[in-house]
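Observations on the model geometry
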Amino acid sequence: MLIVDLSDAELVGRIGSGSNRDAEAELYRRMAPRVRLYGLRHLRNEQAADDLAQQVLLTTLEALRADRLREPEKLASFVLGTCRMTVLNLRRGDQRKERLLAQFGADIRTSVQPAMPRLDHEKLARCLTNLKERERSVVVMTFYDEQTGADVARFLGVSQANVRVIRHRAIHQLRKCMGVAA
Amino acid sequence: MSRENDRQPPVCASPIDAAVLADYWLATLEGADEEAVEEHLLACDGCGARLREVIALADGIRNVAREGSLRMIVSDEFLKQAADEGLRVCQYAPPAGGSVECTVTADDDLLIGRLAADLSGAKRVDLCFCDEAGVEQFRLPDIPVHSGASSVVYQESITLLKAAPSTKFIARLVAFDESSRERLLGEYTFNHTRTLPG
């Protein structure tokens, strides 16, 4: 079986059973992009998201090498918990990063992150023009003005739930217009 | 949307709707819902790919809004955001029934018309655009307005105006009452003089 076909639990088993650099590399390849997305959502900064991915994967590898993950099939939950703790620590200005990098830095391999999809700008402008007035206003107020649902609801004179419905409809229509599935 | 240099993600058996992923990206999900989405994303590359599409869409919307080419109703927060980003906003506020001389320069980024009107009691408001003879050319139906507001702020496509010759056009705000009768709220004449060469 190819290493890329191993389940998370099997990967955890190989890493815990001794030095298995291919398994560690596969763990990093598999998890780093996911952790980076978590970082983008919570830290809103690409560099900070890269740093988070590196720190979380270092912490995870440290735990797996020491066989500290009791339920290997729950690797994703363990990584998520590590993400949360690391973000908290980052916000507290924790110095763990330096210590971990000193300990394991040489073992961390640079992973190729999935590229962000490229948008056809002109097509998106046409798709936005094709939305209904309220839908266009909601998406622009949401993504450009960065207004909250409550602010948008006040502007439109509708409920927040209604704003959410309008936003969902608009996103589905934009994705359909851009040629991707909902 | 196109993606380069990466493998196709596996198909997810229970994919998260893109609109829910947008809610996640906007941090509007409740605690338990957010937790469920994050658990899923930490184990699913298919939904991670969809989240990247949503992020790209959000960035794309921001870029289109920034270039001032959309003809649309905007909020004061939109103008504040544009000013904060250093965009140059050219704004005209003709009185109802009046006219204004206007132009755009090469340095202008956004073109805004502030149309004063009494919007109280209006169930639906349309913004119509007419040629200089007053013949309607097109309309933005059911525009978002707040019944307590005293004006409608609309963005004209600066891309179009920068390319247009000197011209006169008329904007009309019309309201519909409960019996769907159309009522004129205000008429605004824009005398656009082209000052850009070419």
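Note on numbering: residues in each chain are counted from 1, in written sequence order. Think of it this way: whatever chain is written first is A, whatever ligand is written first is 1, and the rest follow in order. It should be noted that, the model being predicted, local features are given only for residues of pLDDT at least 70 and side-chain atom pairs only at 80 or more, the latter also being counted only at that level, while totals for whole chains, interfaces and linings use all residues.

Going along the chain from the N terminus, every DSSP run of H or I of four or more residues is numbered as a helix, and every run of E of two or more is numbered as a strand. The helix and strand inventory of chain A stands at 9 helices and 0 strands. Listed by position from the N terminus, the elements making up chain A come as α-α-α-α-α-α-α-α-α. Any residue whose C-beta has 12 or fewer other C-beta atoms within 10 Å is treated as exposed, any with 20 or more as buried, and any in between as partly exposed, C-beta atoms being built from the backbone. Sorting the 182 residues of chain A into buried and exposed places 38% on the buried side. What counts as a contact here is a pair of residues whose C-beta atoms, placed from the backbone, lie within 7 Å. A separation of at least 24 residues holds for 55% of the contacts in chain A among residues at least 6 apart in sequence.

Scanning chain B from N- to C-terminus turns up 5 helices and 9 strands. In chain B, the succession of α and β elements from N to C terminus is α-α-α-β-α-β-β-β-β-β-β-α-β-β. This radius of gyration counts C-alpha atoms alone. The globule rule is 2.2 Å times how many residues there are, raised to the power 0.38. For a compact globule of 198 residues, the expected C-alpha radius of gyration is about 16 Å, and chain B comes in at 22 Å, more than 25% above that figure. In terms of overall dimensions, chain B has a C-alpha envelope of 60 × 50 × 30 Å along the principal axes. Considering only residue pairs separated by 6 or more positions, chain B has 64% of its internal contacts joining residues 24 or more positions apart.

Contact with chain A, which involves 44 residues of that partner, is made by 49 residues of chain B. Contributions of two or more residues to the side of chain A that touches chain B are made by helix H2 (21-43), helix H4 (75-91), helix H6 (121-130), helix H7 (133-143), helix H8 (149-156) and helix H9 (160-178) of chain A. Tallying contributions element by element places H7(A) first for the side of chain A that touches chain B, with 9 residues. Under the scheme applied here, ten amino acids are nonpolar (Ala, Val, Leu, Ile, Met, Phe, Trp, Tyr, Cys and Pro), four are charged (Asp, Glu, Lys and Arg), and all others, including Gly, are polar. For the side of chain A that touches chain B, a count of residues per class yields 26 nonpolar, 10 polar and 8 charged.

Residue and element names in this part refer to chain B. The mixed open sheet is built from 5 strands, whose spatial order is E3-E9-E8-E5-E6. Looking along the sheet, the strands with just one partner apiece sit at the ends: strand E3 (99-102) and strand E6 (136-140). Taken over all neighbouring pairs, the strand axes of this sheet differ in orientation by 25° on average, direction set aside. As paired elements, strand E5 (residues 124-130) and strand E8 (residues 167-176) share 7 bridges and run antiparallel to each other. In the sheet register, Asp-126 faces E8, and the bridge partner there is Val-174. Being paired, for any two strands, means DSSP has found at least two bridges between them. Axis lines are fitted to C-alpha atoms, over the contacting stretch for helices. Their N-to-C directions set the angle, which ranges from 0 to 180 degrees.

Residue ranges assigned to each domain were obtained from an automatic or database domain assignment. Along its sequence, chain A is organised into domain 1 (3-107) and domain 2 (121-178). Here the C-alpha centroids of domain 1 of chain A and domain 2 of chain A sit 36 Å apart.

Bringing the packing of H9(A) against helix H1 (residues 18-25) of chain B into the picture now. The contact between H9(A) and H1(B) brings their axes to 9 Å, and the two run at 120°. With respect to their mutual orientation, H9(A) and H1(B) come out oblique. Considering how the two elements wind past one another, H9(A) and H1(B) form a crossing that is right-handed. In this structure, H9(A) contributes His168(A), Ile171(A), His172(A) and Arg175(A) to the contact, and H1(B) contributes Ala18(B), Ala19(B) and Ala22(B). Roughly parallel refers to an angle under 35 degrees, roughly antiparallel to one over 145, roughly perpendicular to one between 65 and 115, and oblique to any angle outside these ranges. The crossing is said to be left-handed when, going from far helix to near helix, the turn is anticlockwise and less than a right angle, and right-handed when the turn is clockwise.

The next subject is the packing of helix H1 (residues 8-16) of chain A against H2(A). Residue and element names in this part refer to chain A. Between H1 and H2, the shortest axis-to-axis distance is 8 Å and the interhelical angle comes to 140°. When the axes of H1 and H2 are compared, the pair comes out oblique. The two elements H1 and H2 meet at a crossing, and its hand is left-handed. Counting all contacts with H1, which are made through Leu-11, Arg-14 and Ile-15, the residues of H2 involved are Ala-23, Glu-24, Glu-26 and Leu-27. In terms of residue class, the contact of H1 with H2 is made up of 4 nonpolar, no polar and 3 charged.

A separate point is the pairing of strand E4 (residues 110-116) of chain B. Residue and element names in this part refer to chain B. Direction of pairing for strand E2 (residues 89-92) relative to E4: parallel, over a ladder of 4 bridges. Of the residues in E4, the one forming a bridge with Cys-90 is Leu-111. With 6 bridges joining them, E4 and strand E7 (residues 151-156) adopt antiparallel strand pairing. For Leu-111, the partnering residue across the bridge sits in E7 and is Glu-156.

This part is about the domain arrangement of chain B. Looking at chain B, the domain boundaries give domain 1 (18-66) and domain 2 (72-192). The centre of domain 1 of chain B, based on its C-alpha atoms, is set 34 Å off from the matching centre of domain 2 of chain B.

Turning next to H2(A). A bend of about 35° at Met31(A) is the largest found in H2(A), and the proline Pro33(A) appears one to four places after it. Downstream of H2(A) by a residue or two, Arg44(A) has a phi angle that is positive, lying close to 55°. Bend at a given residue is defined as the angle between two axes, one fitted to the seven residues that end at that position and one fitted to the seven that begin there.

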